[in-house]
Amino acid sequence: NAGVTQTPKFRVLKTGQSMTLLCAQDMNHEYMYWYRQDPGMGLRLIHYSVGEGTTAKGEVPDGYNVSRLKKQNFLLGLESAAPSQTSVYFCASRLRRGSYQPQHFGDGTRLSIL
Amino acid sequence: SQQGEEDPQALSIQEGENATMNCSYKTSINNLQWYRQNSGRGLVHLILIRSNEREKHSGRLRVTLDTSKKSSSLLITASRAADTASYFCATAGSGNTGKLIFGQGTTLQVKP
């Protein structure tokens, strides 16, 4: 039981390049989330999904797109990377049932944009 | 924008001492959660307290919640070097999306 797995763990991009971050969970969770974490700050929500085929914007969605074609996977895309998107990206998932469920996190993707 | 403030931003104590971290938030909540983050790792859920609860315990952790002051505290008793990590509070609203709003975190160093 791997929990939440993020791929890749590290990546360096040049400004203007595109890439996709993959999040996979094996807990059959309905809800999934993408966050970014910058130095000295907590996590900020980028996009989230409450079920297969549905996505919604979070607090800082600009410059990112997401897709949830399969329940277990949540993809985060950067179409044209900018230095301001240098950050650590975390994926999380959660059961839908009830109001008192915790989120389960992956170990992050460290992304540098040069 | 961040939900609230965590205080202190950094805390350094000796092994065996107690560590107290505080969290304030701005809007009404359904529950408040505390997470730990070890260096280079993801967040791990520690404890959840519902809005109608005032105190909750889990092992060496004690969480209090004061909704009238919109604040919470996390107490770690008899700290160990392995408790060295960053600690984040996160608030959940009443919606059905499960979204959390995180504080900036407290970095705890426990010296052996």
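Heads up: the structure comes first, above all this text.
If you're wondering where the values come from, they're calculated on a predicted model, not measured in any experiment. (Residues numbered from 1 in each chain as written. Chains lettered and ligands numbered in written order. Predicted model: local features only at pLDDT ≥ 70, side-chain atom pairs only at ≥ 80, totals over all residues. Heavy atoms only, no water.)

Novice: What is the right way to read the overall build of chain B from this model?
Specialist: A tally of helices and strands in chain B yields zero helices and 11 strands. Each helix and strand of chain B, ordered N terminal to C terminal, gives the series β-β-β-β-β-β-β-β-β-β-β. A compact globule built from 112 residues should have a C-alpha radius of gyration of about 13 Å, and chain B, at 13 Å, falls within 12% of that. Structurally, chain B occupies a C-alpha span of about 45 × 30 × 20 Å along its principal axes. The burial tally for chain B puts 46% of its 112 residues in the buried class. Partitioning the contacts of chain B with sequence separation of at least 6, the portion at a separation of at least 24 is 54%. Seen as two clouds, the 13 positive and the 9 negative side-chain charges of chain B have centres 6 Å apart. (Helix = DSSP H or I, 4+ residues; strand = E, 2+ residues; numbered from the N terminus. Rg over C-alpha atoms; globule rule 2.2 N^0.38 Å. Buried < 20%, exposed > 50% of the residue type's maximum accessible area, 1.4 Å probe, protein only. Contact = heavy atoms within 4.5 Å. Lys, Arg positive; Asp, Glu negative; His and termini not counted. Charge placed at Lys NZ, Arg CZ, Asp CG, Glu CD.)

Novice: Just to check I follow, could you spell out unusual backbone geometry for this structure?
Specialist: Peptide bonds are, in most cases, trans, and in most cases residues other than glycine have a negative phi. Residue P8(A) follows T7(A) across a cis peptide bond; omega there is -5 degrees. Looking at the element boundaries, P8(A) is found in the loop between β1 (4-7) and β2 (10-13). Look at N28(A): it is not a glycine, yet its phi comes out positive at around 60 degrees. Here N28(A) lies in the loop between β3 (19-25) and β4 (31-37). Non-glycine residue K70(B) carries a positive phi angle of around 50 degrees. Tracing the backbone through its elements, the reader meets K70(B) in the loop between β7 (61-66) and β8 (71-76).

Novice: Hey, could you run me through the nonpolar core in this one?
Specialist: Generally speaking, nonpolar side chains in soluble globular proteins are found buried as a group. All names here are of chain B. Counting residues in each nonpolar core, the largest one holds 21 residues, and the members touching the most others are M21, L32, W34, L74, I76, Y87 and L108. Contributions of two or more residues to this core are made by β3 (19-24), β4 (31-37), β5 (43-50), β7, β8, β9 (85-92) and β11 (106-111). If we ignore the near neighbours within four places in the chain, the residues touching I76 are E17, N18, A19, M21, R60, L61, D83, Y87 and L108. (Core = buried A, V, L, I, M, F, W, Y, C linked by side-chain atoms within 4.5 Å.)

Novice: I tried to follow the interface of chain B and chain A on my own but got confused; where do I start?
Specialist: By a widespread convention, an interface's size corresponds to the accessible area lost as its parts come together. Across the contact, 23 residues belong to chain B and 24 residues belong to chain A. Interface of chain B and chain A: buried area, both sides summed, is about 1900 Å²; carbon and sulfur atoms make up 51% of it. Taken together, the links from chain B to chain A amount to one salt bridge. Between R41(B) and D107(A) there is a salt bridge, with its nearest N and O atoms 3.1 Å apart. Counting the contacts that link chain B with chain A gives nine residue pairs in polar contact (both at pLDDT 80 or more). Counting only elements with at least two residues in the side of chain B that touches chain A, the list comes to β4, β5 and β10 (100-102) of chain B. Classifying every residue of the side of chain B that touches chain A gives six nonpolar, 14 polar and three charged. (Buried area = accessible area lost by both parts, 1.4 Å probe. Salt bridge = Lys/Arg side-chain N within 4 Å of Asp/Glu carboxyl O. Polar contact = N/O pair within 3.5 Å; in protein donor to acceptor, adjacent residues only side chain to side chain. Nonpolar A, V, L, I, M, F, W, Y, C, P; charged D, E, K, R; others polar.)

Novice: How should the state of the cysteines be read in this particular structure?
Specialist: A covalent bond between the sulfur atoms of two cysteines is what we call a disulfide. Residues and elements named next belong to chain B. Inspection of the entire model under this criterion finds two disulfides over all chains. Through a disulfide, C23 is tied to C89; the S-S separation comes to 2.0 Å. Disulfide C23 to C89: torsion about the S-S bond roughly 70 degrees, handedness right-handed. Of this pair, C23 sits in strand β3 while C89 sits in strand β9, and the two are 66 residues apart along the sequence. Among the residues examined, C23 registers a relative accessible area of 3% and is labelled buried. (Disulfide = S-S within 2.5 Å.)

So far we have only geometry, and geometry alone does not tell us how the molecule works.
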